[in-house]
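Chain by chain, the residues run as shown.
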6 protein chains.
Amino acid sequence: HYDKRCDEPQIGVVRGLAWTEVGGDTLSIEVNVMPGTGKFEITGQIGDVMKESARAAISYTRSISGSHNIDKVFYTNKDIHIHIPQGAVPKDGPSAGITLATAIISALSGIKVHNKVAMTGEITLRGRVLPIGGLKEKLLAAKRAGIEKVLIPIDNKRDIEKISEEILTGLTIIYVRNMDEVLKEALIKETKDASK
Amino acid sequence: HYDKRCDEPQIGVVRGLAWTEVGGDTLSIEVNVMPGTGKFEITGQIGDVMKESARAAISYTRSISGSHNIDKVFYTNKDIHIHIPQGAVPKDGPSAGITLATAIISALSGIKVHNKVAMTGEITLRGRVLPIGGLKEKLLAAKRAGIEKVLIPIDNKRDIEKISEEILTGLTIIYVRNMDEVLKEALIKETKDASK
Amino acid sequence: HYDKRCDEPQIGVVRGLAWTEVGGDTLSIEVNVMPGTGKFEITGQIGDVMKESARAAISYTRSISGSHNIDKVFYTNKDIHIHIPQGAVPKDGPSAGITLATAIISALSGIKVHNKVAMTGEITLRGRVLPIGGLKEKLLAAKRAGIEKVLIPIDNKRDIEKISEEILTGLTIIYVRNMDEVLKEALIKETKDASK
Amino acid sequence: HYDKRCDEPQIGVVRGLAWTEVGGDTLSIEVNVMPGTGKFEITGQIGDVMKESARAAISYTRSISGSHNIDKVFYTNKDIHIHIPQGAVPKDGPSAGITLATAIISALSGIKVHNKVAMTGEITLRGRVLPIGGLKEKLLAAKRAGIEKVLIPIDNKRDIEKISEEILTGLTIIYVRNMDEVLKEALIKETKDASK
Amino acid sequence: HYDKRCDEPQIGVVRGLAWTEVGGDTLSIEVNVMPGTGKFEITGQIGDVMKESARAAISYTRSISGSHNIDKVFYTNKDIHIHIPQGAVPKDGPSAGITLATAIISALSGIKVHNKVAMTGEITLRGRVLPIGGLKEKLLAAKRAGIEKVLIPIDNKRDIEKISEEILTGLTIIYVRNMDEVLKEALIKETKDASK
Amino acid sequence: HYDKRCDEPQIGVVRGLAWTEVGGDTLSIEVNVMPGTGKFEITGQIGDVMKESARAAISYTRSISGSHNIDKVFYTNKDIHIHIPQGAVPKDGPSAGITLATAIISALSGIKVHNKVAMTGEITLRGRVLPIGGLKEKLLAAKRAGIEKVLIPIDNKRDIEKISEEILTGLTIIYVRNMDEVLKEALIKETKDASK
Ligand SMILES: [Ca+2]
Ligand SMILES: [Ca+2]
Ligand SMILES: [Ca+2]
Ligand SMILES: [Ca+2]
Ligand SMILES: [Ca+2]
Ligand SMILES: [Ca+2]
Ligand SMILES: [Ca+2]
Ligand SMILES: [Ca+2]
Ligand SMILES: [Ca+2]
Ligand SMILES: [Ca+2]
Ligand SMILES: [Ca+2]
Ligand SMILES: [Ca+2]
């Protein structure tokens with residue numbers, strides 16, 4: 001099934017954990033960065049809260065441009081398209097925030113993302129990671145999709161402690177405070193050039 | 001009836017299989033590429049999921065421009081109009097994704113499309129082909145329209161195996177994983193110049 | 001009554017047959033082409049399906065510009081306004097497609113349109129003429145308006161064969177396959193210069 | 001009461017007869033033409049049919065620019081604002097068409113309009129005057145407002161013939177076929193320069 | 001309470017009388033004029049009728065620019081922001097028209113407005129003052145706010161005559177016909193330079 | 001919990017008190033100022049009244065640019081993004097006005113904001129602070145979040161006097177009349193350069 005983790009690390013593709021109509025679910029977030037004039041679009045039946053998360057993720061990325069080989073003026077000479085497949089399934093909520101940011105940063109920097117990692121967490125403009133809900137169902141979905149490591153907001157630690165060992169077995173849980181910690185876990189290494 | 005396959009291969013016209021108000025149906029997707037400034041429009045009472053599929057198809061096409069004789073900056077010097085006739089019939093869903101991409105690529109490259117081929121499948125920004133629903137009804141519609149060969153997402157293979165021989169007789173089913181495989185089956189050959 | 005045919009051939013005015021709130025009806029479609037920057041507007045309480053027909057008619061016209069004395073870059077240096085009088089009567093549906101295209105082409109080329117001709121048919125981007133509904137009521141409306149010749153999609157031929165002789169008496173029915181055939185019947189001759 | 005006719009002829013102010021929430025009514029249509037870049041706005045709680053009438057009136061005016069001292073490129077170097085006072089009363093319908101055109105032409109040409117004239121009639125892009133409804137109530141409103149002469153579409157002649165002498169006494173009815181006839185009756189004379 | 005009259009005359013702040021959810025009320029209309037490119041915005045939960053009044057007030061102001069030290073091309077090099085505080089209270093209706101115009105003209109000209117004056121009246125593009133409703137409640141609100149002089153449309157004179165002496169005591173009523181008369185009463189004097 | 005006060009003073013982050021779905025609440029308002037072209041966006045499920053407060057806060061800031069090291073033309077060469085976390089919680093009302101202004105001014109000037117201060121109050125274009133509602137609930141929320149000092153509109157003084165000592169204990173209440181007083185309490189000092 002296509003929602004299983006990707007067979008190998010890719011640029012601009014990150015696995016998120018979110019809520020959709022069918023409950024906890026994994027989402028494969030794809031970002032295309034193309035030469036352009038700063039246009040931004042997001043497709044895949046995305047609700048307004050998730051659209052605002054994407055806007056916050058872009059602003060955060062602008063605030064750190066210059067690092068990670070990200071062109072300082074990418075918002076003037078690139079077009080960015082975020083698409084979340086299964087285009088007929090409505091998706092919403094703030095918990096894809098850090099996944100969106102990671103996918104954007106990977107696409108802009110040309111750095112691959114670990115394919116066995118998934119993540120969930122709201123993002124702020126300063127790159128803080130805020131807690132999210134539905135953690136148990138998201139972890140179950142992650143396991144079904146073959147994920148090995150999951151990045152979780154530090155403020156959800158007490159929720160994890162209430163989840164049964166059976167669910168957690170086979171998953172490495174990493175608590176994250178901010179995007180720096182997310183990127184350290186998710187990006188493979190920073191030896192490549194910017195994608196274009 | 002106009003929905004029968006075209007009498008001969010054309011540029012920018014591809015036969016899709018989709019759901020409309022009347023069930024499984026064939027759709028004749030037309031793409032006009034005109035000198036312009038990068039405007040895009042889609043008409044034919046197209047729902048928002050299908051519109052997003054068209055956006056994903058265009059982003060995919062931008063990511064492969066340079067190949068297939070597609071002008072690397074077509075999104076700045078061409079206008080693209082996608083129209084799906086029977087303009088009064090509402091059409092929606094993600095399953096026209098690969099058909100939209102094929103019609104756009106044919107129109108931009110000036111390469112004709114086999115007129116006896118139809119196809120169905122969701123497209124991602126990376127050109128992956130995702131599974132779709134309503135396969136039996138779509139195949140029946142294809143046969144009624146005189147189609148000989150149908151391109152199907154590889155992840156729908158198990159659905160095909162459940163469909164009776166009677167329906168499949170006379171149809172050649174080709175399983176596709178990504179747009180490279182779609183284009184290899186659908187485009188006639190790559191010896192023409194870009195359309196303009 | 002103003003809906004009777006025009007007293008003499010005009011540029012940019014074509015009689016269509018369509019459905020409105022009051023059933024089969026004739027519509028006098030007017031097109032103004034003005035020096036401008038490529039703006040397009042359509043007025044007269046036009047529904048979204050008819051608006052999309054007008055967009056398809058414009059794209060078709062762009063694809064044949066250069067012929068019929070139509071300026072190759074009219075979409076950059078002309079403004080086009082389509083108005084369908086009786087501005088309080090809602091109008092919709094795809095069957096004005098070929099009428100819209102004929103009026104646009106007449107206005108852009110400066111070629112007059114026969115005033116005793118009416119027409120009905122959906123248009124595609126390639127200029128194909130697709131069948132429409134409500135033919136009997138449309139023919140009755142045409143007769144009431146003093147029309148002598150009606151252009152009908154070839155795929156409606158079998159519908160005509162079911163209509164009583166009494167209704168058809170006095171009307172010359174011309175079956176059309178594509179816009180080339182429509183223009184051959186509707187345009188008076190091609191000896192004038194482009195309107196401006 | 002402010003709806004009485006203006007005390008003296010003005011530029012860009014024309015009295016129309018239309019339907020509002022309160023039945024047949026006179027409307028004082030004001031047009032400001034200002035140096036600008038071609039922007040157009042209409043205010044006064046105007047419904048979409050009346051807005052489309054204004055668009056048709058502007059296109060008609062563009063088609064006759066050059067005559068009446070109207071700057072040939074006014075749509076690029078002027079801004080036009082149409083306002084219909086009593087801004088809280090919803091107004092709609094096509095019957096203000098020729099009034100809107102007259103007010104626009106007066107404002108653009110700097111030619112004053114007779115203050116004892118009112119008018120009603122739908123306008124087409126070619127300047128034809130189409131018939132309207134509610135004639136009796138509109139004439140009563142005109143008399144209450146002190147109007148002496150009313151311009152009426154020629155196709156409403158038979159409606160006038162059914163209206164009692166008592167109502168018509170004191171009103172001079174002028175039947176008009178097209179905008180040329182409207183302007184001949186409404187504009188005072190053409191000896192002034194364009195307003196700016 | 002903040003709705004009391006300002007302690008001293010200000011530029012770009014005018015006291016209006018209008019209807020809100022709570023009945024007759026005073027509104028403190030603030031206008032900021034800033035170096036810019038001609039953008040206009042109005043905030044404060046303003047309904048569409050009041051927004052159109054603001055548009056009419058701006059067009060009127062453009063028609064008199066050059067006088068009152070108002071820059072002739074302010075609509076190209078200034079941005080204008082109108083805000084009416086108590087941002088959570090919906091406000092609508094045409095009766096703030098002359099107040100809006102006075103505040104805009106004060107802000108553009110840099111001329112202060114008398115702080116003990118309030119006003120109510122619809123404005124037209126020509127600067128005429130049209131009558132409004134709810135006069136008694138508005139006068140009561142003016143008195144509560146410490147207003148001493150109120151500008152009223154001349155066509156509301158007969159309404160004033162029906163209001164009891166008790167309400168009118170302490171208020172000076174000035175009847176106004178047009179904006180010239182409004183500005184003569186409201187603006188302090190014209191000896192200052194334009195605000196910027 | 002993330003809503004506790006920040007651990008140390010930051011630039012462009014200010015704690016507000018407002019109403020959300022859950023009653024009185026603290027809001028952490030973040031502002032990013034980025035090199036750009038004057039675009040403005042606000043995210044976090046913000047209602048229209050709060051959006052208008054942000055517009056008023058920006059206009060106020062434009063009116064004082066030049067002071068506080070704020071670039072006089074920031075509205076042409078910066079993009080501003082305001083985000084209020086907990087992106088799934090709807091937020092509305094005018095009471096975040098002075099908080100929004102403070103966060104914008106901090107981000108534009110590069111001056112840090114005291115992290116133990118929270119504030120609530122409507123803002124006007126002139127920088128006046130207007131009274132707000134729900135004061136008791138907001139103060140309780142402030143205490144829960146570890147706030148030590150709260151800025152309150154002077155016109156809410158009588159509301160404070162009705163609140164029990166128990167609630168007020170541990171909170172320093174500062175009454176403010178205008179933004180000058182707000183900034184004097186909230187900004188740490190003005191010795192830094194503008195942020196970029
Ligand atoms: Ca999934
Ligand atoms: Ca929503
Ligand atoms: Ca079909
Ligand atoms: Ca939908
Ligand atoms: Ca008709
Ligand atoms: Ca519709
Ligand atoms: Ca009236
Ligand atoms: Ca309407
Ligand atoms: Ca008030
Ligand atoms: Ca309204
Ligand atoms: Ca909170
Ligand atoms: Ca609201």
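Definitions and cut-offs
Numbering of residues starts from 1 in every chain and runs along the sequence as written. Whichever chain is written first becomes A and whichever ligand is written first becomes 1, with later ones labelled in order. At least 70 in pLDDT is required for a residue's local features to be given in this predicted model, at least 80 for side-chain atom pairs to be given and counted, and no such filter applies to totals for whole chains, interfaces and linings, which use all residues. Where side-chain values are given, they derive from all heavy atoms of the structure, hydrogens and water being excluded. The numbering of helices and of strands both runs from the N terminus, where a helix is a DSSP run of H or I of at least 4 residues and a strand a run of E of at least 2. As defined in this context, the radius of gyration uses C-alpha atoms, and a globule is described by 2.2 Å times the residue total to the power 0.38. Each residue is placed in one exposure class: buried if its accessible area under a 1.4 Å probe, protein chains only, is under 20% of its type's maximum, exposed if it is over 50%, and partly exposed if it falls in between. Residue contacts are defined here by distance: any two heavy atoms, one from each residue, within 4.5 Å place the two residues in contact. Each accessible area is a Shrake-Rupley result for a 1.4 Å probe, and residues are judged covered by the shown protein chains and nothing else. For the least-squares superposition of copies, only C-alpha atoms count, and only for residues with pLDDT at least 70 in both. For Na, K and Ca the donor cut-off is 3.2 Å, and for all other metals it is 2.8 Å, counting N, O and S atoms only; because water is absent from this set, sites may look incomplete. Relevant arc is that of directions from the helix axis to the C-beta atoms, nothing else. Once two parts are joined, some of their accessible surface, as seen by a 1.4 Å probe, is lost; buried area is that loss totalled over both. Only one rule defines a salt bridge in this text: a Lys or Arg side-chain nitrogen within 4 Å of an Asp or Glu carboxyl oxygen. For this analysis, a polar contact is any N or O atom pair within 3.5 Å, provided that within protein one partner can donate a hydrogen and the other can accept it, and provided that sequence-adjacent residues contribute only side-chain to side-chain pairs. Note on residue classes: Ala, Val, Leu, Ile, Met, Phe, Trp, Tyr, Cys and Pro are nonpolar, Asp, Glu, Lys and Arg are charged, and everything else, Gly too, is polar. Paired strands are those between which DSSP finds at least two bridges. Geometry is summarised by axes, namely lines fitted to C-alpha atoms with helices restricted to the contacting stretch, and by angles between N-to-C directions that run from 0 to 180 degrees. Small angles under 35 degrees read as roughly parallel and large ones over 145 as roughly antiparallel, with 65 to 115 read as roughly perpendicular and the rest as oblique. For a crossing to be left-handed, the near helix must be turned anticlockwise from the far one by less than a right angle; the clockwise case is right-handed. Confidence of the predictor in every single residue is expressed as pLDDT, which spans 0 to 100.

Enquirer: What should I look at first to understand the overall build of chain A in this one?
Expert: What chain A contains, in helices and strands, is seven helices and nine strands. Computed over C-alpha atoms, the radius of gyration of chain A comes to 15 Å, within 12% of the 16 Å expected from 2.2 N^0.38 for 196 residues, which places it in the range of a compact globule. For chain A, the spread of C-alpha atoms along the three principal axes comes to 50 × 35 × 30 Å. Expressed as a percentage of its 196 residues, the buried residues of chain A come to 59%. Within chain A, counting contacts between residues at least 6 apart in sequence, those at least 24 apart form 75% of the total. Carbon and sulfur atoms provide 48% of the accessible area of chain A, an area that totals close to 7,600 Å².

Enquirer: Would you explain the relation of the copies chain A and chain B in this entry?
Expert: Between the two copies of this chain, the relationship is a rotation about some axis together with a displacement along it. Each copy of the sequence occupies a distinct position, and chain A is placed on chain B by a rotation of 60° and an axial shift of 0.0 Å, giving an RMSD of 0.0 Å. A rotation of that kind, with that shift, is consistent with a six-fold axis.

Enquirer: Just to check I follow, could you spell out the coordination of the calcium ion (ligand 6) for this structure?
Expert: For a metal bound by four donors in a tetrahedral arrangement, the ideal donor-metal-donor angle is 109.5 degrees, while six donors in an octahedral arrangement ideally sit at 90 or 180 degrees. Every protein donor of the calcium ion (ligand 6) is listed here as Asp48(C) (OD) and Asp48(C) (OD), and their distances to the metal cover 2.4 to 2.9 Å. Along the chain, the position of Asp48(C) falls in helix α1 (residues 48-63).

Enquirer: Explanation requested: helix α4 (residues 135-144) of chain C in the structure shown.
Expert: Three- or four-residue spacings in an α-helix give side chains the same orientation, since the helix completes a turn every 3.6 residues. Residues and elements named next belong to chain C. For α4, the full list of buried residues reads Leu135, Lys138, Leu139, Ala141 and Ala142. Buried positions in α4, seen along its axis, are confined to an arc of 160° and lie on one side of it. Looking at the buried positions of α4, the neighbouring elements they touch are β1 (13-20), β2 (23-35), β8 (149-153), α5 (157-160), α6 (165-168) and β9 (172-176). Residue Gly146 follows α4 closely and has a positive phi angle near 85°.

Enquirer: Please explain the interface of chain A and chain B as it appears in this structure.
Expert: Size of an interface: often given as the accessible area lost when the parts come together. Counting from both sides, the interface comprises 24 residues of chain A and, opposite them, 19 residues of chain B. Between chain A and chain B the total buried area reaches about 1,800 Å² when both faces are included, carbon and sulfur atoms providing 46% of it. Here chain A is connected to chain B by two salt bridges. We note a salt bridge from Arg62(B) to Asp79(A), for which the minimum N-O separation is 3.0 Å. The tally of links from chain A across to chain B stands at 15 residue pairs in polar contact (both at pLDDT 80 or more). Contributions of two or more residues to the side of chain A that touches chain B are made by β2 (23-35), β3 (40-43) and β4 (78-83) of chain A. Residue classes in the side of chain A that touches chain B are distributed as nine nonpolar, 12 polar and three charged.

Enquirer: Explain the interface of chain F and chain E here, please?
Expert: Counting from both sides, the interface comprises 19 residues of chain F and, opposite them, 23 residues of chain E. Carbon and sulfur atoms supply 46% of the area that chain F and chain E bury against each other, a total of about 1,800 Å² over both sides. For chain F, the biggest contributors to the area lost against chain E are Glu52(F), Leu125(F) and Arg126(F); these three give 34% of the whole. Where chain F packs against chain E, one counts two salt bridges. The closest approach of N and O atoms between Glu41(E) and Arg55(F), which form a salt bridge, is 2.9 Å. Where chain F packs against chain E, one counts 15 residue pairs in polar contact (both at pLDDT 80 or more). Broken down by secondary-structure element, the contributors of at least two residues to the side of chain F that touches chain E are α1 (48-64) and β7 (122-123) of chain F. Among the elements that line the side of chain F that touches chain E, the one with the most residues is α1(F), at nine residues. Class assignment of the residues belonging to the side of chain F that touches chain E gives a composition of eight nonpolar, three polar and eight charged.

Enquirer: Help me understand the environment of Leu17(C), please; the structure alone is not making it clear to me.
Expert: All names here are of chain C. Secondary-structure assignment places Leu17 in strand β1. Considered as a pair, Leu17 and Leu187 are 170 residues apart in the sequence and their alpha carbons are 17 Å apart. Discounting chain neighbours no more than four positions away, the residues touching Leu17 are Asp25, Thr26, Ser95, Ala118, Met119, Thr120, Lys138, Ala142 and Val150.

Enquirer: Looking at this structure, how should I read the side chain of Ser53(A)?
Expert: Examined against the element boundaries, Ser53(A) turns out to sit in helix α1 (residues 48-63). Setting aside chain neighbours within four positions, we find Ser53(A) in contact with Gly93(A), Pro94(A), Gly97(A), Leu100(A) and Ile123(A).

Enquirer: Sorry, what's going on with the sheet that holds strand β4 (residues 78-83) of chain C here?
Expert: Hydrogen bonds along the backbone pair up the strands of a sheet, which may run parallel or antiparallel. All names here are of chain C. Judged by pairing direction, the sheet is mixed, and its seven strands sit side by side in the order β3-β4-β2-β1-β5-β8-β9 without closing on themselves. At either margin of the open sheet sits one strand with a lone partner, and together these are β3 (40-43) and β9. On average, each strand axis in the sheet is inclined to that of its neighbour by 30°, with strand direction left out of account. Pairing analysis gives three bridges linking strand β5 (residues 117-119) to β8, with the strands arranged parallel. Each bridged residue has a counterpart across the sheet, and for Met119 the counterpart in β8 is Leu151. Along the sheet face, α1 touches β2, β3 and β4 and points at about 145° away from the line of β3. Each of β5, β8 and β9 touches helix α7 (residues 179-186); the most contacted strand, β9, lies at about 150° to it.

Enquirer: So what exactly am I meant to see when it comes to the packing of helix α1 (residues 48-63) of chain B against helix α3 (residues 97-109) of chain B here?
Expert: When two helices pack together, their arrangement is captured by the angle between the axes and the distance separating the axes. Residues and elements named next belong to chain B. At a closest axis distance of 8 Å, the pairing of α1 and α3 adopts a crossing angle of 45°. For the element pair α1 / α3, the angle class is oblique. Once α1 is placed against α3, the crossing between them reads as right-handed. Within the contact between the two elements, α1 uses Met50, Ser53, Ala54, Ala57, Ile58, Tyr60 and Thr61 and α3 uses Gly97, Leu100, Ala101, Ile104, Ile105 and Leu108. In the contact of α1 with α3, the residues fall into 10 nonpolar, three polar and no charged.

Enquirer: Sorry, what's going on with the confidence of the model for chain A here?
Expert: The predicted coordinates ought not to be read in detail in places where the model reports low pLDDT. Of the residues in chain A, 93% reach a pLDDT of 70 or more, and the chain-wide mean stands at 92. For this predicted complex, the interface confidence score (ipTM) comes to 0.92, while the overall pTM stands at 0.92.

Enquirer: So what exactly am I meant to see when it comes to the pairing of strand β8 (residues 149-153) of chain B here?
Expert: It is a general feature of regular strands that their side chains alternate between the two faces of the sheet. All names here are of chain B. Along β8, four of the five residues are buried, which leaves the element largely enclosed by surrounding structure. As defined by bridge partners, β8 adjoins strand β9 (residues 172-176) across five bridges and the pair is classed as parallel. Within the sheet, the bridge partner assigned to Pro153 lies in β9 and is Val176.

Enquirer: Any chance you could explain the sheet that holds β9(B) here in plain terms?
Expert: Residue and element names in this part refer to chain B. Taken together, seven strands build an open sheet; the order of strands is β3-β4-β2-β1-β5-β8-β9 and the sheet is mixed. At either end of the open sheet lies a strand with only one pairing partner, and these are β3 (40-43) and β9. The sheet shows a mean angle of 30° between the axes of neighbouring strands, direction not considered. Of the strands in this sheet, β2 (23-35), β3 and β4 (78-83) touch α1, which is tilted by about 145° from β3.

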